[in-house]
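Here's the letter readout for the chains.
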Amino acid sequence: MEAKLDLVLSKLDLLENKSDTAIRNIAILSATIENLKTENSNLRTQMQQMEKKIDYLENQSRRNNVIFYNVKEDAKEDTEAKVRQIIDSQYKISLGDKDIERAHRLATNVRTSRPIIIKFNNFKVKDFIVRNAFKLKNTPVSVSEDFSKHILQKRSLLKPYLMQAKSEGKRAHLKFDMLYINGRKYTVDDLPANQVLQATDFSPEVTHNDIITRSKSGTKPLTSSQ
């Protein structure tokens, strides 16, 4: 009888040891998982920071660019000369020989005339063209700044609110990835919580001489970030 009892006690000790080992292994695994979660979170943060830096650098490289829309396209053409003629006739200024670095048509799927992208050598010239885009009001031509895909997506999300504000007679304009309405700043973070934050159609871009005459139904009020 005593031998059997000793055997049972021995097996119980063995089970307890196995149980302790299993608990230790579970604790180690749990710690490993937490470490992996932390590493993954850190990597995600680093990737987001890198993406922001890349996006910033891309937009800086586009800083002196202006896109001209609806400029009639011919089989054999000098795109720079066409843009110079528009600027000369509508803006009433003559650009210097070195004011434009390059000009070419963009490869798009549009069936009409492809947009022309101009890279100016001087930011002040580019800024003048954009700020005075209202001079193109009575022509089919319009202009916009050149932004990265990420910024265009944000602008596309804010576009309906720009249209609504203008239809209500408010002063509204987009600047980079921000919307200003009567002097107050809004970003995509100010969109309603139930607004679908997806933008797959962000072309053509809202141009600086757009005359908005209609509002987008169902657009919910924005809450300013300021």
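Just so we're clear, the structure is a prediction, and the values are computed from it rather than from any experiment.

Rules of the game
- Residues numbered from 1 in each chain as written.
- Predicted model: local features only at pLDDT ≥ 70, side-chain atom pairs only at ≥ 80, totals over all residues.
- Heavy atoms only, no water.
- Buried < 20%, exposed > 50% of the residue type's maximum accessible area, 1.4 Å probe, protein only.
- Helix = DSSP H or I, 4+ residues; strand = E, 2+ residues; numbered from the N terminus.
- Pairing = 2+ DSSP bridges.
- Core = buried A, V, L, I, M, F, W, Y, C linked by side-chain atoms within 4.5 Å.
- Expected span 1.5 Å × (residues − 1).
- Contact = heavy atoms within 4.5 Å.
- Polar contact = N/O pair within 3.5 Å; in protein donor to acceptor, adjacent residues only side chain to side chain.

Draft legend 1. Structural detail: the pairing of strand β3 (residues 116-120). Burial within β3 is extensive, with 5 of its 5 residues counted as buried. Inspection of the sheet shows strand β1 (residues 65-69) paired to β3 by 4 bridges, in the antiparallel sense. Directly across from Ile67, in β3, lies its bridge partner Ile117. Taken together, the 5 bridges between strand β2 (residues 100-105) and β3 define a ladder with antiparallel strand orientation. Bridge pairing in β3 places His104 opposite Ile117.

Draft legend 2. Quick look at the nonpolar core. Phe68, Ile87, Ile118 and Phe120 are the most contacted members of the largest nonpolar core, which has 20 residues in total. Sorting the residues of this core by element identifies β1, α2 (79-91), β2, β3 and α3 (123-131) as the ones contributing at least two each. When residues in this core are grouped by element, the largest group, 4 residues, is from α2. Counting residues in each nonpolar core, the second largest holds 12 residues, with Leu157, Leu158, Ala165 and Leu191 among its members.

Draft legend 3. Examining α2 more closely. Spanning 13 residues, α2 covers 17 Å between terminal C-alpha atoms, matching the ideal 18 Å at 1.5 Å per step. Taken together, the buried positions of α2 are occupied by Thr79, Lys82, Val83, Arg84, Ile86, Ile87 and Tyr91. Tucked inside the fold, the buried residues of α2 contact β1, β2, β3, α3 and β4 (142-145). Among the residues of α2, the N-terminal cap falls to Asp78, whose side-chain oxygen and the backbone nitrogen of Glu80 are separated by 3.2 Å. Positive phi appears at Lys92, one or two residues downstream of α2, with a value of about 60 degrees.

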